[in-house]
Each structure stands twice: as C-alpha cells, then as structure tokens.
Amino acid sequence: MSEQHPENGSGEDPRIMAQDTADTSITAGRMGRAGRPRYELTFGDAWDYAPAPERVPVAIKERYGHFINGKFTSAKEVFSTINPATEKKLALVAQGSAREVGSAVKAARDALRGWTRIGGKERGKYIYRIARRLQERAREFAVLETMDGGKPIKESRDVDIPLAAQYFFYYAGWADKLRYAVPGRDPRALGVCAQVIPWNFPLMMLSWKIAPALACGNTVVLKPAETTPLTALLFAEVCQEVELPAGVVNIVTGDGRTGAALVGHKDIDKIAFTGSTGVGKKLAAIAAERGIPATLELGGKSPNIIFDDASIDQAIEGIIQGIYFNQGHVCCAGSRLFVQEGIAGEVQERLKIRLNSLRVGDPLDKNTDVGAINSRMQLKKIEEYLKIGRGEGALLYESNGSMLPKKGYFCRPSFFTGVQQSHRIAQEEIFGPVLAVQTFRTPEEAISRANNTPYGLAAGVWTDKGSKIFEVATKLKAGVVWCNTYNKFDATSPFGGYKESGFGREGGMHGIRAYVRV
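Residues numbered from 1 in each chain as written. Predicted model: local features only at pLDDT ≥ 70, side-chain atom pairs only at ≥ 80, totals over all residues. Heavy atoms only, no water.

Draft legend 1. Representation of the overall build of the protein within the structure. In terms of helices and strands, the protein carries 16 helices and 25 strands. Radius of gyration (C-alpha) of the protein: 25 Å, near the 24 Å computed for a compact globule of 518 residues. Each of the three principal axes of the protein carries a C-alpha extent, and together these read 90 × 50 × 40 Å. When the 518 residues of the protein are sorted by exposure, 55% land in the buried category. When contacts within the protein are restricted to residue pairs at least 6 apart in sequence, long-range pairs at least 24 apart make up 72% of them. Total accessible area computed for the protein in this model is approximately 22,100 Å², and 51% of it derives from carbon and sulfur atoms. One finds the centroid of the 67 positive side-chain charges in the protein at a distance of 8 Å from the centroid of its 57 negative side-chain charges. (Helix = DSSP H or I, 4+ residues; strand = E, 2+ residues; numbered from the N terminus. Rg over C-alpha atoms; globule rule 2.2 N^0.38 Å. Buried < 20%, exposed > 50% of the residue type's maximum accessible area, 1.4 Å probe, protein only. Contact = heavy atoms within 4.5 Å. Areas by Shrake-Rupley, 256 points an atom, 1.4 Å probe, with all protein chains shown as cover. Lys, Arg positive; Asp, Glu negative; His and termini not counted. Charge placed at Lys NZ, Arg CZ, Asp CG, Glu CD.)

And the structure:
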C-alpha cells in the first residue's frame with residue numbers, strides 16, 4: 001500500500017502538489033508555520049467583476065453660495081470643485097472673504113440667545129430631525145460624498161453616512177441631560193464655535209463637530225475643506241428642511257484664507273479643527289493668545305502590532321482595513337506595521353495575496369475597494385514618498401500590475417519592507433495607501449518602536465492572549481487602542497490623540513465636555 005498523507009488523503013506530498021484549473025492555480029511555496037506549505041494563488045480572471053455602478057441620481061447645482069443665517073447667499077468669487085476620479089468639474093463654489101466670514105459669525109451670535117433659551121429638550125428635537133433626514137437622504141449623500149471625495153461608494157454608503165446620522169441621534173439624546181455629563185456642575189454653552197473640517201471624511205467630521213455643539217446650546221460657523229464642500233452644502237439644505245432656527249448653523253466655503261479669517265475672528269468662543277499638525281499648532285497658538293478653548297484632532301502615524309500568537313487571517317484583514325480603507329486618507333491609519341519576526345515572512349506573503357485581490361477603480365462602482373486619491377496635490381505627495389522610500393533602501397511591493405484608469409488620481413495600494421526606524425516613511429504621515437512594515441522580537445521592543453514617533457493618535461494590537469493585550473495597550477502612547485480589530489468607530493466612544501496628534505476628545509460623553517463652560 002502506498003502511504004496516505006493525512007493532509008489530502010492521497011499518496012502525494014502536498015509540499016510539491018500543484019492543482020491547476022482554467023482560472024485558478026495553487027502552487028506550493030515555502031514552508032509556513034507548523035511545517036505546512038504556503039501556497040501562491042494565481043487567480044487569472046476568476047475574480048473579475050462585472051461593473052456595478054451606483055445609479056442614484058444626485059442633483060448638483062451649477063453654482064453654490066455660502067449658507068448664512070438660514071439662507072444661501074449669492075456667490076461672488078468662486079472656485080471649482082472637481083470629481084477626483086474623472087477630473088471633471090462638479091460645481092462652482094463660493095470663495096469666502098473676511099467680510100462674509102464676519103456675516104456668518106454675526107448671524108451665529110444673533111441666534112445664540114434664542115437657541116440657548118429654548119432648552120435641551122427642544123434642541124434635541126431639532127437634532128433628532130436632522131438625524132432622521134440624513135437617513136432619509138442617505139443614498140444621495142453617499143453618492144455626492146463619493147463624487148466629491150473619491151472614496152468607494154460602499155464606504156460612503158455603509159460607513160460615512162450611517163455614522164454621521166448616528167452621531168446626531170446620540171447627541172440628540174444628550175441635549176436635555178448635560179448635567180449628567182458633568183456631575184455637580186452647571187454646564188453652559190460656550191457661545192459661537194468656529195469649526196474647520198478636513199477632506200477625508202467630510203460629512204462624518206461635520207457630524208462629530210456640529211452635533212455636540214448644538215446639543216450643548218452653541219451656534220456654529222463651519223468651514224468645509226475646499227476640495228470636498230458639497231455634502232456640507234447639502235447638509236445646509238437639511239437644516240432648512242427641518243426648520244432649524246436661522247443662524248444656528250452657518251457654512252462658509254473657501255480655501256485656507258477663509259479658514260484663517262474664521263479662526264482669527266474676534267467674536268468666536270471656541271475653535272474645533274481636524275487637519276494637519278502644522279496648521280493645528282498655529283490654531284493652538286491663536287486659542288492660547290485669545291484665551292478660548294480648542295479641540296484639535298491632528299495627524300498620525302499609528303502602529304499596528306501583530307504578535308506571533310495572533311490569528312493571522314484575522315490580522316491580515318485588520319491590516320487591510322487599517323491602511324487601505326479610504327485610500328489611506330485616515331488620520332488614524334495603521335500606516336506602521338510591526339510583525340513579530342517568527343511570522344514576518346508568512347504575513348508578508350499573505351498580505352501580497354490579499355493586496356492583489358483589491359480592486360482599484362471607479363469609486364461609484366460597488367465592487368471597487370480602493371477609489372481615487374482626493375486631489376492631484378495629494379497624489380503627488382504620495383508618489384514623492386514612494387520615491388523617498390525606495391531611495392532610503394526599503395523594498396516596495398505594489399498590488400497587481402493592472403492598468404489604472406487613464407483619467408483621475410489613482411494610486412496602487414503598496415507596502416514597504418526592510419524599513420528602518422529612521423526612515424522618513426516610518427516617521428512622517430503619508431496619508432495614502434502606503435504601509436511601512438517592520439519586525440520585532442519582544443513585546444518591549446514592539447512598544448518602544450511603536451512609541452518612537454511624534455504622533456499619538458491610535459494603535460492596534462493583535463494577539464490571542466488577553467493579558468498581553470492589556471499589558472501592551474496600557475503602555476502605548478495613543479489616544480485610541482484597538483484590540484484585535486482596527487478603524488472601528490461609534491458615537492458613544494471618545495476619539496482623540498496625544499503629543500502632536502492634538503488634544504481634546506470628540507464623541508461619547510467626553511465630547512460634551514468640549515462644548516460647555518462649567
């Protein structure tokens with residue numbers, strides 16, 4: 001009798017066995033853990049998907065003005081906002097001047113007394129109506145978010161818009177319970193809040209800031225990013241639909257000059273900003289000089305640590321979710337991967353396979369995993385860092401060599417191996433689908449390397465040992481530590497950073513403290 005191998009019930013050794021079909025070949029490679037072979041998968045065209053474009057029509061105006069005192073103004077000076085996947089113009093949007101910013105701040109100041117006096121119960125009703133209307137128009141918001149920002153429609157549809165509505169629902173419930181958030185104190189509204197949001201999660205960042213501010217009795221002047229203003233302007237329509245009192249929410253569009261005029265205005269009582277660390281430092285100085293509170297959520301270079309006792313398949317999905325979600329345009333992206341030496345080779349091989357299955361292309365196609373980079377400027381920055389990484393001696397692996405769309409700003413997901421702690425790609429925020437992979441031997445080394453950064457926004461830990469999770473998590477200098485998961489958000493959970501990743505918390509009960517005076 002021939003010897004039957006327990007792996008496959010045949011006389012063939014699986015280490016040299018190869019199975020081929022018309023579409024898929026499975027070829028044995030180097031030995032993995034427990035003496036089992038690693039397989040290299042070649043899928044051919046087996047994973048090709050038929051196009052599945054999102055067909056919900058969205059009405060986009062040719063020209064948008066500011067939203068001030070409950071009405072849209074006429075636009076004088078304008079700039080174009082474009083679809084980064086097609087490079088086509090979507091609309092003309094008003095460029096805010098200091099005078100228009102002043103009008104918005106005055107409208108917010110005039111509305112403050114009435115908004116505060118109606119009480120938390122009535123404010124909660126308005127916020128709840130906003131949340132319900134966001135749900136009712138969710139598909140429209142999702143399509144517009146994807147067209148203006150470049151992210152895949154399945155992310156806008158399943159993550160951004162539902163979370164935005166969730167934050168409004170959550171803070172609607174807090175509006176008449178503020179005393180429970182600061183026990184023993186008498187919480188009062190701060191006043192007029194100047195809020196500046198980024199381009200990576202436009203509507204979700206809007207909800208993180210506007211919802212708690214309104215619940216606490218404040219009024220708002222918000223400036224969206226110049227590359228993604230359209231969902232904020234659509235939100236202004238929602239404010240009209242729910243009959244929110246005029247002046248409670250004002251939205252002024254424009255570039256950095258508009259933002260500077262807003263945060264520098266003498267009649268604001270609070271600054272809330274999400275964006276780059278460089279700008280955040282300037283705003284911190286303005287707030288300190290003026291003696292007003294500020295909430296700053298800034299950059300990050302977050303570590304994702306994989307121990308050799310982790311579930312590798314689960315960890316691979318966490319790596320993908322951590323760095324390639326939203327094209328890597330995530331401040332808390334797990335852009336530094338630390339893998340224990342014993343499994344480094346296996347993790348890299350599996351990561352290559354998983355990377356090759358990601359579909360890069362039309363963001364409005366429901367099958368797309370990685371959409372368009374937000375702007376030409378950001379794409380150039382990412383490409384520059386790819387050159388820097390290669391120049392520093394790191395090895396670059398890019399996903400399959402399929403052709404990228406001829407139009408639009410697209411970048412293949414990639415990762416570097418052979419990365420040293422001193423490399424710029426390991427220290428500086430790239431804000432794109434680029435991962436820096438390093439190895440470690442002991443938990444102490446992993447913690448030391450993970451903390452060796454000027455940032456401290458988030459981190460991830462992957463292990464099957466609960467005691468190790470808590471031991472490592474408590475020693476990581478990060479505002480948020482995800483355990484055996486990554487990039488999970490909820491309105492009840494606070495979010496924020498340490499060091500150059502900013503200060504203050506958004507979300508949860510902690511988010512209320514940022515918008516009240518006690």
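Draft legend 2. Spatial organisation of the pattern of salt bridges. Following the criterion strictly, the structure yields 33 salt bridges and no others. In this structure, Arg-139 engages Glu-54 in a salt bridge whose closest nitrogen and oxygen atoms are separated by 3.0 Å. Linking Arg-139 in helix 3 (residues 138–149) with Glu-54 in the loop between strand 3 (37–42) and strand 4 (63–64), this pair joins segments that are 85 residues apart in sequence. Between Asp-186 and Arg-179 there is a salt bridge, and its shortest N-O distance comes to 3.4 Å. For Asp-186, a relative accessible area of 35% gives the class partly exposed. The class of Arg-179 is exposed, set by a relative accessible area of 55%. (Salt bridge = Lys/Arg side-chain N within 4 Å of Asp/Glu carboxyl O.)

Draft legend 3. Representation of the nonpolar core in the model. In terms of nonpolar packing, the biggest core is built from 102 residues, with Phe-168 and Phe-235 touching the most fellow members. Residue assignment places this core across two domains, with domain 2 (63–298 + 500–517) and domain 3 (300–483) each supplying three or more. Within the second largest apolar cluster, 22 residues are counted, among which are Ile-68, Val-101, Leu-283 and Ala-294. (Core = buried A, V, L, I, M, F, W, Y, C linked by side-chain atoms within 4.5 Å. Domains from an automatic or database assignment.)

Draft legend 4. Local environment of helix 9 (residues 277–290). Over its 14 residues, helix 9 extends 20 Å from the first C-alpha to the last, a length consistent with the 20 Å expected when each residue adds 1.5 Å. For helix 9, the complete set of buried residues consists of Thr-277, Gly-280, Leu-283 and Ala-287. Down the axis of helix 9, the buried side of the element spans an arc of 110 degrees, and every buried residue falls inside it. Exposed side chains of helix 9 directed beyond 90 degrees from the buried face belong to Lys-282 and Glu-289. Tucked inside the fold, the buried residues of helix 9 contact helix 8 (256–263), strand 13 (270–274), strand 14 (294–297) and strand 20 (455–456). Looking at the residues trailing helix 9, positive phi occurs at Gly-291, about 75 degrees. (Expected span 1.5 Å × (residues − 1). Arc of directions from axis to C-beta.)

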